[in-house]
Amino acid sequence: MESAKKQSKESVEQELTSGIRILMEKNRLTACLDCGKCSAVCPMVRVYGEYVHNRGTRSIVERLSFDPEGLADETLWYCLACKECTFFCPSGVDFQNFMMGFRELMISHGHKEYAHFCSQCGAYLMPKRQLEVLKTTMNGTADLLYECPNCKKNRHGAVLFKLSSKGRSFTLQT
Ligand code: SF4
Ligand code: SF4
């Protein structure tokens, strides 16, 4: 029983690793020229503080290319998905697209520790670290960050509709 569990855990991890390799190929991570342009334009540094090499885009590309098993690292969740690195890469590496697929794969294989999910429906929203940074900019409205746009729409849509109807009838009466 114990060995069957271990084997199934191993096969899940193997499936994850091979999914990551496919994503790396598809998004040309292995075509990286090591030029550093992506790190130079990446806004992660400004958001998370001083430059630390192993948090940089180029370092992450390099690590995943040469050590794709090193997945238990929160810096892999620091990317803001802004696409600047993809735009400036001279070798066609689409790191932003890779990151989106990578996070989906990690979550679907049970690696949820660095992900933040909607408090209502449980859908993936953003990395936890990103939530922490955003919270500091919200001036008392941080509660809005805990629900996905669909849940916000469903929960508050009726109120907004009533308000807009009142507004319309008010306009008609005057
Ligand atoms: S810009 Fe492209 S080629 Fe240059 S280091 Fe970044 S991923 Fe590699
Ligand atoms: S997509 Fe991610 S890694 Fe690329 S520049 Fe934006 S934050 Fe940096």
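Residues numbered from 1 in each chain as written. Chains lettered and ligands numbered in written order. Predicted model: local features only at pLDDT ≥ 70, side-chain atom pairs only at ≥ 80, totals over all residues.

1. Quick word on the overall build of the protein chain
The number of helices and strands found in the protein chain is eight helices and two strands. Counted from the first residue to the last, the protein chain has its helices and strands arranged as α-α-α-α-α-α-β-β-α-α. Within the protein chain, counting contacts between residues at least 6 apart in sequence, those at least 24 apart form 62% of the total. (Helix = DSSP H or I, 4+ residues; strand = E, 2+ residues; numbered from the N terminus. Contact = placed C-beta atoms within 7 Å.)

2. As for the site of ligand 1
Surrounding ligand 1, one finds 15 residues, the nearest of these being C32, C35, C38, C89 and V93. For the shell around ligand 1, the secondary-structure elements that each account for two or more residues are α2 (37–41) and α4 (57–66). When residues of the shell around ligand 1 are assigned to their parent elements, the largest contribution, three residues, is made by α4. Within the shell around ligand 1, the residues separate by chemical class into nine nonpolar, three polar and three charged. (Near = placed C-beta within 6 Å. Nonpolar A, V, L, I, M, F, W, Y, C, P; charged D, E, K, R; others polar.)

3. Concerning the site of ligand 2
Surveying the vicinity of ligand 2 reveals 14 residues, the closest of which are C42, C79, C82, E84 and C85. Contributions of two or more residues to the shell around ligand 2 are made by α5 (84–88) and α6 (95–108). Grouping the constituent residues of the shell around ligand 2 by class yields 10 nonpolar, two polar and two charged.

4. Concerning the nonpolar core
One finds M24, L29, V61, V93, F95, F98 and F102 to be the most contacted residues of the largest nonpolar core, which totals 24 residues. Take this core: its biggest share by element is five residues, from α6. (Core = buried A, V, L, I, M, F, W, Y, C linked by C-beta atoms within 7 Å. Buried ≥ 20, exposed ≤ 12 C-beta atoms within 10 Å, placed from the backbone.)

5. Quick look at the environment of G101
By secondary structure assignment, the location of G101 is in helix α6. G101 sits in the partly exposed class, given 17 other C-beta atoms within 10 Å. For the pair G101 and G19, spaced 82 residues apart in sequence, the C-alpha separation works out to 9.3 Å.

6. Some details on the confidence of the model for the protein chain
For any part of a model where pLDDT is low, the fine detail of the predicted coordinates should not be relied upon. Of the residues in the protein chain, 82% reach a pLDDT of 70 or more, and the chain-wide mean stands at 82. Long-range and interchain partners of residues 170–174, a stretch whose pLDDT sits below 50, account for zero contacts in this model, where long-range means more than four residues apart. (pLDDT = per-residue confidence, 0-100.)

7. As for unusual backbone geometry
Its identity as a non-glycine residue notwithstanding, R28 has a phi of 60°, on the positive side. A count of 18 C-beta atoms within 10 Å places R28 in the partly exposed class. In this structure, K83 takes a positive phi of about 80° despite not being glycine. Counting through the fold element by element, K83 comes out in the loop between α4 and α5.

8. What about the environment of L29?
Relative to the helices and strands, L29 is located in the loop between α1 (2–26) and α2. Taking the C-alpha atoms as reference, L29 lies 5.5 Å from V93; in sequence the two are 64 residues apart. Setting aside chain neighbours within four positions, we find L29 in contact with M24, V61, L64, S65, V93 and F98.

9. Some points on α6
In an α-helix, one turn spans 3.6 residues; hence positions three or four apart end up facing the same way. Given a rise of 1.5 Å per residue, 14 residues ought to cover 20 Å, and the 20 Å separating the end C-alpha atoms of α6 matches this to within 8%. Looking one or two places after α6, you find G110, whose phi comes out positive at around 85°. (Expected span 1.5 Å × (residues − 1).)

10. Section: the environment of R55
Structurally, the position occupied by R55 is in the loop between α3 (44–48) and α4. Judged by C-beta crowding, with 21 C-beta atoms within 10 Å, R55 ranks as buried. Remark: the alpha-carbon pair of R55 and C79, spanning 24 residues in sequence, is separated by 9.2 Å. Once you skip the residues sitting within four places of it in the chain, R55 turns out to touch M44, Y48, T75 and Y78.

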